[in-house]
Amino acid sequence: MKKLLTLFASLIFITGLVGCDKTDNTTDPQQKTIITVGTSPGPYSELFLTAIKPILEKEGYSIKAVDFSNLRLADIALNDGDIDVNVDQHTAYYQDFNTNTNGDLISITQIPTVPAGLYAGQKTSLSAVAQGDKVAIPQDPSNAARAYALLQKAGWITLKPGTEITKATANDIANNKYGIDIIEMDSATIPRSLADLAYAVIPGSVAYAAGVDINGNLLQEDLLEHLILVATVKATNKYTPWAKAIVAAYHSDEFKQYLQQHNQNHYWFVPESLQ
């Protein structure tokens, strides 16, 4: 009987410990000490783990990274509560996710962003552009629109008056001043094709993942507000202490000093709110 009572007491104690752990880190978001971030290959997750994670750890938080092969899977996990935060998307992306899935995601702060760039291929200066030059751009609608805006910024094309920049397509080109041959391709294949192209428009995260030389970036896009990257959480978690801690880390003097040391070539666009 004594042994049974001891065993029973031990089980109660163990159950209590498990319950406390769940309360601290899962059930009660106000008491969370472990922050789970959904990561994917690219500069934004790496920046979080390299520069933001140490700041949060000094505040008493532990960071757990869960890798995802694509952003949609990360957003599903975020919306389901399986992860706490994602730093690999812009406002336009998560708003589209919310619309199509009845999701509940929201931004808590803008973060440094790598703009799309017009990169050198066979030609190494913008002034060398000529009739028939092959210029690759991403084929997905969002990045294609950004590419057409960038080609207009370069002075190579003119879009029709009234064109909505965020939705620009080849049909919106009013004038192709230099007669360039614009080729829409899958973003991931563009870096591998640079040797066969005069120029190419490459999204920042794709250029980073492919190791494209930043010195080949001849012109950067002007980032529209909805294309600046954001730290994203489930809306019900926006005002939790741990979410506020993430915001504070991105706005901290320590992070500003990190950027000053690691952004000397202006690789990152830093939103005004973080400067």
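The structure reproduced in this document is the subject of the present report. The model shown is predicted, which means the values in this text are computed figures rather than measured ones. (Residues numbered from 1 in each chain as written. Predicted model: local features only at pLDDT ≥ 70, side-chain atom pairs only at ≥ 80, totals over all residues. Heavy atoms only, no water.)

1. Description of the environment of Trp 268
Okay, step 1: With respect to the helices, strands and loops of the structure, Trp 268 is situated in the segment after α8 (253-262).
Okay, step 2: C-alpha of Trp 268 to C-alpha of Pro 43: the two residues are 225 residues apart in sequence and 9.6 Å apart in space.
Okay, step 3: Those residues within four positions of Trp 268 in sequence are excluded, and the remaining contacts are Pro 43, Tyr 44, Leu 47, Pro 112, Thr 113, Val 114, His 262 and Asn 263. (Helix = DSSP H or I, 4+ residues; strand = E, 2+ residues; numbered from the N terminus. Contact = heavy atoms within 4.5 Å.)

2. Describing the packing of aromatic side chains
Okay, step 1: One pass over the full model with this rule turns up 7 aromatic pairs.
Okay, step 2: With 6.5 Å between their ring centres and 45° between their planes, Phe 48 and Tyr 250 make a pair best called tilted. Taken together, the residues Phe 48 in helix α2 (residues 43-58) and Tyr 250 in helix α7 (residues 241-250) connect sequence positions 202 residues apart. Comparing Phe 48 with Tyr 250 shows no difference in burial state: the two are buried. (Phe/Tyr/Trp six-rings, centres within 6.5 Å; stacked < 30°, edge-to-face > 60°. Buried < 20%, exposed > 50% of the residue type's maximum accessible area, 1.4 Å probe, protein only.)

3. Regarding the pairing of strand β12 (residues 229-234)
Okay, step 1: Of all 6 residues in β12, 5 are buried, a share of seventy percent or more.
Okay, step 2: Here 3 bridges tie strand β3 (residues 85-90) to β12, and the two strands are oriented antiparallel to one another. Residue pairing across strands places His 90 opposite Leu 229, the latter belonging to β12.
Okay, step 3: Where strand β4 (residues 105-110) lies against β12, 5 bridges are found, and the strand directions are antiparallel. Along β12, the bridge assignment pairs Ser 107 with Thr 232. (Pairing = 2+ DSSP bridges.)

4. Here's the deal with the sheet that holds strand β11 (residues 217-220)
Okay, step 1: A sheet is described by the order of its strands in space; here 5 strands give the open sequence β9-β6-β10-β5-β11, paired in mixed fashion. Of all the strands in the sheet, just β9 (181-185) and β11 have a single pairing partner and so form its edges. Neighbouring strand axes in the sheet, compared pairwise and without regard to direction, differ in orientation by 25° on average.
Okay, step 2: As judged from the 3 bridges shared by strand β5 (residues 117-120) and β11, these two strands associate in the antiparallel manner. Counted as the bridge partner of Leu 118 is Leu 219 from β11.
Okay, step 3: Where helix α5 (residues 141-153) meets the sheet, it contacts β5, β6 (134-138), β9, β10 (199-202) and β11, and its direction lies at approximately 140° from that of β6. (Axes fitted to C-alpha atoms, helices over the stretch in contact; angles between N-to-C directions.)

5. Some details on the side chain of Asn 86
Okay, step 1: Along the chain, Asn 86 falls in strand β3.
Okay, step 2: The exposure class of Asn 86 is buried, given its relative accessible area of 1%.
Okay, step 3: In this structure the side chain of Asn 86 is engaged in a polar contact, spanning 3.2 Å, whose partner is the side chain of Gln 89.
Okay, step 4: Excluding residues that lie within four positions of it along the chain, Asn 86 makes contacts with Gly 38, Leu 71, Ala 74, Leu 78, Val 230, Ala 231 and Thr 232. (Polar contact = N/O pair within 3.5 Å; in protein donor to acceptor, adjacent residues only side chain to side chain.)

6. Side note on the environment of Ile 34
Okay, step 1: Among the structural elements, Ile 34 can be located in strand β1 (residues 34-39).
Okay, step 2: Residues Ile 34 and Lys 64 lie 30 residues apart in sequence; the distance between their C-alpha atoms is 6.9 Å.

7. Regarding the pattern of salt bridges
Okay, step 1: For the structure shown, the criterion picks out 6 salt bridges.
Okay, step 2: Note that Lys 58 and Glu 254 form a salt bridge whose closest N and O atoms lie 3.0 Å from each other. Here Lys 58, found in helix α2, pairs with Glu 254, found in helix α8; they are 196 residues apart in sequence, far enough to count as distant.
Okay, step 3: Put simply, Arg 146 and Glu 221 hold a salt bridge, and the shortest N to O gap is 2.5 Å. (Salt bridge = Lys/Arg side-chain N within 4 Å of Asp/Glu carboxyl O.)

8. Focus: α2
Okay, step 1: The end-to-end C-alpha distance of α2 is 23 Å, a good match for the 22 Å that 16 residues give at a rise of 1.5 Å each.
Okay, step 2: Of all bends in α2, the biggest is about 45°, found at Ile 52, and the proline Pro 54 comes one to four residues later.
Okay, step 3: Of the residues making up α2, those classed as buried are Pro 43, Tyr 44, Ser 45, Leu 47, Phe 48, Ala 51, Ile 52, Ile 55 and Leu 56.
Okay, step 4: Once α2 ends, the next one or two residues include Gly 60, with phi positive near 95°. (Expected span 1.5 Å × (residues − 1). Bend = angle between axes of the 7 residues up to and from the residue.)

9. Overview of α5
Okay, step 1: Compared with an ideal rise of 1.5 Å per residue, which puts 13 residues at 18 Å, α5 spans 18 Å between its outermost C-alpha atoms and is within 8% of the ideal.
Okay, step 2: Taken together, the buried positions of α5 are occupied by Asn 143, Ala 144, Ala 145, Arg 146, Ala 147, Tyr 148, Leu 150 and Leu 151.
Okay, step 3: One or two residues past the end of α5 sits Gly 155, with phi positive at roughly 85°.

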